[in-house]
There are 2 protein chains.
Amino acid sequence: MAVGVIRPGGRTARVRAAVLQAAGDALVEHGFDRLDLADVARRAEVGKTTVYRRWGTTARLVADLLTDMAEQSLPRADTGSLIGDLRANARLVQRTLVDSRQGALFRAVIVAATCDPRTAEALHRFYAVRIAEWVPCVEQAVRRGELPSGTDAAEVVRAVSAPLYYRLLVSGDPIDRATADRAAEAAAAAAHAGVYTPTSSPN
Amino acid sequence: MAVGVIRPGGRTARVRAAVLQAAGDALVEHGFDRLDLADVARRAEVGKTTVYRRWGTTARLVADLLTDMAEQSLPRADTGSLIGDLRANARLVQRTLVDSRQGALFRAVIVAATCDPRTAEALHRFYAVRIAEWVPCVEQAVRRGELPSGTDAAEVVRAVSAPLYYRLLVSGDPIDRATADRAAEAAAAAAHAGVYTPTSSPN
DNA sequence: TCACTAAAGGTACTGCAGTTCCGTTAAGAC
DNA sequence: GTCTTAACGGAACTGCAGTACCTTTAGTGA
């Protein structure tokens, strides 16, 4: 066998899957600050040396978890109207952040990103993928004439999520369905008013 | 002297001030994850035992730092128009988050809040104070007839900050002045459309 | 099926964050 | 001033996260 050949098949992949699963569980239970690689190894029934060798730090393990999460993207909605699509997106984000497992996981992952540049990059890629998935909703609305042409679609999608993440991380206010709907309506209203077109600057 | 008397004067206050200053410096330099109480003690020229005894953990030290920060609130603007006031607020937040010291400090403090419930409470109080400071801008706009009566003023103020914090913590997109202005305009447009009135649900 | 070696596993070690213990300093009541 | 004790300080200790080193397992080309 040739020297330096990478072996992704079988065991290696199995170990990665087990460790990422265990890492997710540990993050949900203790949060990122109490994440211990030896504990992850125990849960994954894998040698702790392996975890330290392949990932090195908790932040880089989370970065790998994120690239894994980015691959399982959820499909966007297509309700036929902008507000319907944005509301569907807002409610999806709301449900995710409120869910005890997913919410804890997202919080942990965002914290991890502030500790390591590579993890931050993985997080930004993850959200770039998620946002790109919903961009067509806004582009369709522009084509239907619901929104001014030149509207920055990605910015509209970001505007829907922003108030929900703000509550999760900053203000601590509850994230209920009404909040989600308001976030969708606010983004739609601002887009209608032409706030997200590059040229205009109303008032 | 009576038993159990608290001694806040002189030394105790001096130690607290020195430690909080040192904690801020350390947070800006290393971030919350690499915050070491022994290092803080060294910077503050204070015994490390003292820091461990009075604060115990890094998260609780940050909580104390936050209550200290909440006391030095910045005055709100009064430009005479809603969009003027909101833009002033957005630009203030933008400058704060972009500033290398303040930005790092806010990031660290938000991370710390995810690690300890008491720190989270301190963070939420801090933002409650900051938001309350700007609420009158929106209330004045309602009185001037710029916005529908019944508008949730605090929600409008939160809506201005949300996109900026979303970029800081989640998407990683740059936070420039144009972003700040757009955040202010979006909040104003949504408020105009009646999104932040409890009864209505446009569309 | 065999030979080669990438990758995993086990165990003993080390450094340092966090604790304990006890002596010292100074705030504040009288 | 003087006495009490809250609060600080130094130094030795401990437990565990992270490392080093060597052995074992199993993926893959021939």
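Report follows, based on the coordinates.

Calculation rules
- Residues numbered from 1 in each chain as written.
- Chains lettered and ligands numbered in written order.
- Predicted model: local features only at pLDDT ≥ 70, side-chain atom pairs only at ≥ 80, totals over all residues.
- Heavy atoms only, no water.
- Contact = heavy atoms within 4.5 Å.
- Buried area = accessible area lost by both parts, 1.4 Å probe.
- Salt bridge = Lys/Arg side-chain N within 4 Å of Asp/Glu carboxyl O.
- Polar contact = N/O pair within 3.5 Å; in protein donor to acceptor, adjacent residues only side chain to side chain.
- Least-squares fit on C-alpha atoms with pLDDT ≥ 70 in both.
- Axes fitted to C-alpha atoms, helices over the stretch in contact; angles between N-to-C directions.
- Helix = DSSP H or I, 4+ residues; strand = E, 2+ residues; numbered from the N terminus.
- Parallel < 35°, antiparallel > 145°, perpendicular 65-115°, else oblique.
- Left-handed = near helix turned anticlockwise from the far one by under 90°.
- Core = buried A, V, L, I, M, F, W, Y, C linked by side-chain atoms within 4.5 Å.
- Buried < 20%, exposed > 50% of the residue type's maximum accessible area, 1.4 Å probe, protein only.
- Expected span 1.5 Å × (residues − 1).
- Bend = angle between axes of the 7 residues up to and from the residue.
- Phe/Tyr/Trp six-rings, centres within 6.5 Å; stacked < 30°, edge-to-face > 60°.
- Disulfide = S-S within 2.5 Å.

A separate point is the interface of chain A and chain B. How big an interface is tends to be reported as the loss of accessible area on association of its parts. With 37 residues of chain A at the interface, the matching set in chain B holds 37 residues. When the two sides are added together, the surface that chain A and chain B hide from each other amounts to roughly 3,200 Å², 64% of it contributed by carbon and sulfur. On the chain A side of the interface with chain B, the three residues burying the most area are Y166, V170 and V195 of chain A, jointly 19% of the side's total. Applying the counting rule to chain A against chain B returns six salt bridges. Among the ionic pairs, R167 of chain B bridges to E155 of chain A, the shortest N-O distance being 2.8 Å. Linking chain A to chain B there are six residue pairs in polar contact (both at pLDDT 80 or more).

Glancing now at the relation of the copies chain A and chain B. Its rotation angle being 180°, the transformation that places chain A on chain B also includes 0.0 Å of axial translation and leaves an RMSD of 0.0 Å. Both chain copies can therefore be described as sitting about a two-fold axis. A share of 100% of the interface residues of chain A reappears at the interface of chain B, consistent with the copies meeting face to face through the same patch.

Next up on the list: the packing of helix 4 (residues 58-71) of chain B against helix 6 (residues 100-113) of chain B. All names here are of chain B. Between helix 4 and helix 6, whose axes approach to 9 Å, the crossing angle comes to 125°. Viewed along their axes, helix 4 and helix 6 adopt a mutual orientation that is oblique. Where helix 4 crosses over helix 6, the two elements pack in a sense that is left-handed. Contacts from A59, V62, L65, L66 and M69 in helix 4 reach L105, F106, V109 and A112 in helix 6.

A word on the nonpolar core. Membership of the largest hydrophobic core comes to 153 residues, with the highest contact counts inside it found for F32 and Y165 of chain A together with F32 and Y165 of chain B. Ignoring anything within four residues of it in the chain, the contact list for Y165 of chain B reads Y166 and V170 of chain A together with V93, L97, F106, I110, Y127 and V170 of chain B.

On to the side chain of T197 of chain A. Mapped onto the elements of the fold, T197 of chain A is located in the segment after helix 9 (177-192). Beyond its immediate sequence surroundings of up to four residues, T197 of chain A is in contact with P148, S149, G150 and T151 of chain A.

Our next topic: the environment of L20 of chain A. All names here are of chain A. Checked against the element boundaries, L20 lands in helix 1 (residues 11-30). We classify L20 as buried; its relative accessible area is 5%. Separated by 118 residues in sequence, L20 and V138 place their C-alpha atoms 34 Å apart. Ignoring any residue separated from it by four or fewer positions in sequence, one finds L20 in contact with L61, D64, L65 and D68.

Residue and element names in this part refer to chain B. Helix length check: helix 7 (residues 117-143), at 27 residues, gives a terminal C-alpha distance of 38 Å against a target of 39 Å (1.5 Å per residue), a fit within 8%. Remark: the principal bend of helix 7, roughly 30°, maps to W134, with a proline, P136, within the next four residues. Between the side-chain oxygen of the N-cap and the backbone nitrogen of R118 there are 3.2 Å, and the N-cap of helix 7 in question is D116. Where helix 7 terminates, the next one or two residues include G145, which has phi positive at roughly 85°.

Okay, the pattern of salt bridges next. Residue and element names in this part refer to chain B. If you walk through the whole model with that rule in mind, you get 28 salt bridges over all chains. Among the ionic pairs, R43 bridges to D39, the shortest N-O distance being 3.1 Å. Of this pair, R43 and D39 both sit in helix 2 (residues 37-44), four residues apart, which is roughly one turn of the helix. We classify R43 as partly exposed; its relative accessible area is 31%. Note on D39: relative accessible area 14%, which makes it buried.

Per the stated rule, a full pass over the model turns up eight aromatic pairs over all chains. A ring pair is formed by F126 of chain A and Y127 of chain A, whose centres lie 5.1 Å apart and whose planes are at 85°; its orientation type is edge-to-face. The class for F126 of chain A is buried, based on a relative accessible area of 1%. For Y127 of chain A, a relative accessible area of 4% gives the class buried. Here a set of aromatic residues connected by ring pairs shows up, and it is made of F106, F126, Y127 and Y165 of chain A together with Y166 of chain B.

The next point concerns the state of the cysteines. Inspection of the entire model under this criterion finds zero disulfides over all chains. C115 of chain A forms no disulfide, and the closest cysteine sulfur to it belongs to C115 of chain B, at a distance of 8.3 Å.

A separate point is the environment of S81 of chain A. All names here are of chain A. Positionally, S81 belongs in the loop between helix 4 (58-71) and helix 5 (82-98). Sequence separation between S81 and A38 is 43 residues; the distance between their C-alpha atoms is 50 Å. Sequence-distant contacts of S81, that is, excluding residues within four places in its chain, are made with R144 and E146. Within polar-contact distance, the side chain of S81 engages the backbone nitrogen of G84 at 3.1 Å.

This is a description of form; function is not addressed.
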